[in-house]
Amino acid sequence: MGNGVQESPGGLTQGEHRPVASSTGQAEGSKMGRNVLNTLLSGALAGAVAKTAVAPLDRTKIIFQGRGPRAPAAYRLIYRTYLSDGFLSLWRGNSATMVRVIPYAGIQFCSHEQYKRLLGGYCGSQGKALPPVPRFLAGSLAGTTAAMLTYPLDMVRARMAVTPKEMYSNILHVFVRISREEGLQTLYRGFTPTILGVIPYAGISFFTYETLKKVHADHTGRPHPNPAERLAFGACAGLLGQSASYPLDVVRRRMQTAGVTGHTYGSIAGTMRLIVREEGLVLGLYKGLSMNWVKGPIAVGISFMTFDLTQILWRQLQQRGFIQW
């Protein structure tokens, strides 16, 4: 000011030019940051909507898995819970589920998109559908990443689902009481079967969904399936993924709820042997699977569909200028 040199709005003096490489790098970084945030928020919303929709069945499944061979039929268990504790009790533990599933789903979907991008660059298929093995690997890595970062919240949800409401008043109370009475390591009880189960579950789920979308595009010529088709593809993905990993899911729940059910479970193999010896192979390791065939496909279908549609909505809002970031 007063030196006769004009400044541009960007802070550059007249005649200067901003370096193109720096500007391009900043733009790319900003775009990537927006994409990460969009996928994180879309995944969080997808998980919340899906889990809330099937919360009563989810709670019943956890109770069913945690009990022995004399557990009542699933529909009777739902009815008894309704009669004894009321309709809203069917959603007991859903607040803990939301605390877990919102970050879990957000991290899973967001990391899946990043793993797809990284593996696509490595395989030379950037912007295209991944080959089968990297497609499975991207899903497995995404599920593993999310499970590792949010596991204690899953432990808390399982405890709240199988205990009377008088035992734990809220989520924080569960953490405090478990830490004080059973030790901090209890928050990671069942962690190993969780990771072993999530690898085939997430891998098969994402692989199936992405494969069905690719097959659909190849056969119909339409690059994007409609919402009903997305829901159906997600349901198939959930059915296959959960069926493949279900025994490990039962083992995980038994280990998580051991402190309040009076059982003692050690290793994964030991827990499996004990379940099979006391309850049988099918009635033990596949307890509640029929319910999962109802709940799982609905939840996974809603989750995949919600994520995709939310992503489409984000892009449309950005293109029309409603969202500037």
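Source: prediction; values computed, not measured.

Draft legend 1. Representation of helix α7 (residues 191-220) in the model. Between its terminal C-alpha atoms α7 stretches 42 Å, which fits the 44 Å expected from 30 residues at 1.5 Å a residue. Maximum bend of α7: about 30 degrees, positioned at Val 198, with proline Pro 200 one to four residues after it. Gly 221 occupies a position one or two residues after α7 and carries a positive phi of about 80 degrees.

Draft legend 2. Spotlight on helix α12 (residues 289-319). Here α12 spans 44 Å end to end across 31 residues, near enough to the 45 Å set by a 1.5 Å rise per residue. When the local axis directions of α12 are compared, the greatest deviation, roughly 30 degrees, occurs at Lys 295, which is followed within four positions by the proline Pro 297. Within two residues after α12, Gly 321 carries a phi angle of roughly 85 degrees, on the positive side.

Draft legend 3. Examining the confidence of the model for the chain more closely. Looking at the chain, pLDDT values average 82 and 82% of them are 70 or higher. By mean pLDDT, helix α9 (residues 258-261) is the weakest element of the chain at 65, and α7 is the strongest at 93. Confidence over residues 1-18 falls short of pLDDT 50; this stretch has 10 contacts with residues more than four positions distant or in other chains.

Draft legend 4. View of the packing of helix α8 (residues 227-256) against α12. At their nearest, the axes of α8 and α12 sit 6 Å apart, and the two run at 135 degrees to each other. Here α8 is positioned oblique relative to α12, judged by the angle of their axes. Helix-helix and strand crossings are classified by hand; for α8 and α12 the assignment is right-handed. Per-class residue counts for the contact of α8 with α12 are 15 nonpolar, 7 polar and 3 charged.

Draft legend 5. Geometry of the nonpolar core. Residues Tyr 246, Leu 248, Val 250, Val 251, Met 255, Ala 258, Tyr 265, Ile 268, Leu 274, Ile 275, Leu 285 and Leu 289 constitute the largest nonpolar core, which totals 12 residues. Of all elements in the fold, only α8 and α10 (268-279) reach the threshold of two or more residues within this core. Residue contributions to this core peak at 5 residues, all from α8. Ignoring sequence-local partners within four residues, the contact set of Leu 289 consists of Ser 243 and Tyr 246. Counting 10 residues, the second largest nonpolar core, distinct from the first, contains Ala 105, Tyr 209, Val 300 and Phe 307.

Draft legend 6. Inspection of the packing of aromatic side chains at higher detail. All chains considered together, the criterion is met by 8 aromatic pairs. With a centroid separation of 5.8 Å and an interplanar angle of 75 degrees, the aromatic rings of Phe 109 and Phe 206 are classed as edge-to-face. Taken as a pair, Phe 109 in helix α4 (residues 94-123) and Phe 206 in helix α7 lie far apart in primary sequence, 97 residues in all. Residue Phe 109 is classed as buried on the basis of its relative accessible area, which comes to 3%. Summarising the aromatic geometry, the rings of Tyr 151 and Phe 191 are spaced 5.4 Å apart at their centres and angled 85 degrees between planes, so their arrangement reads as edge-to-face.

About the criteria used
Residues numbered from 1 in each chain as written. Predicted model: local features only at pLDDT ≥ 70, side-chain atom pairs only at ≥ 80, totals over all residues. Heavy atoms only, no water. Helix = DSSP H or I, 4+ residues; strand = E, 2+ residues; numbered from the N terminus. Expected span 1.5 Å × (residues − 1). Bend = angle between axes of the 7 residues up to and from the residue. pLDDT = per-residue confidence, 0-100. Contact = heavy atoms within 4.5 Å. Axes fitted to C-alpha atoms, helices over the stretch in contact; angles between N-to-C directions. Parallel < 35°, antiparallel > 145°, perpendicular 65-115°, else oblique. Left-handed = near helix turned anticlockwise from the far one by under 90°. Nonpolar A, V, L, I, M, F, W, Y, C, P; charged D, E, K, R; others polar. Core = buried A, V, L, I, M, F, W, Y, C linked by side-chain atoms within 4.5 Å. Buried < 20%, exposed > 50% of the residue type's maximum accessible area, 1.4 Å probe, protein only. Phe/Tyr/Trp six-rings, centres within 6.5 Å; stacked < 30°, edge-to-face > 60°.

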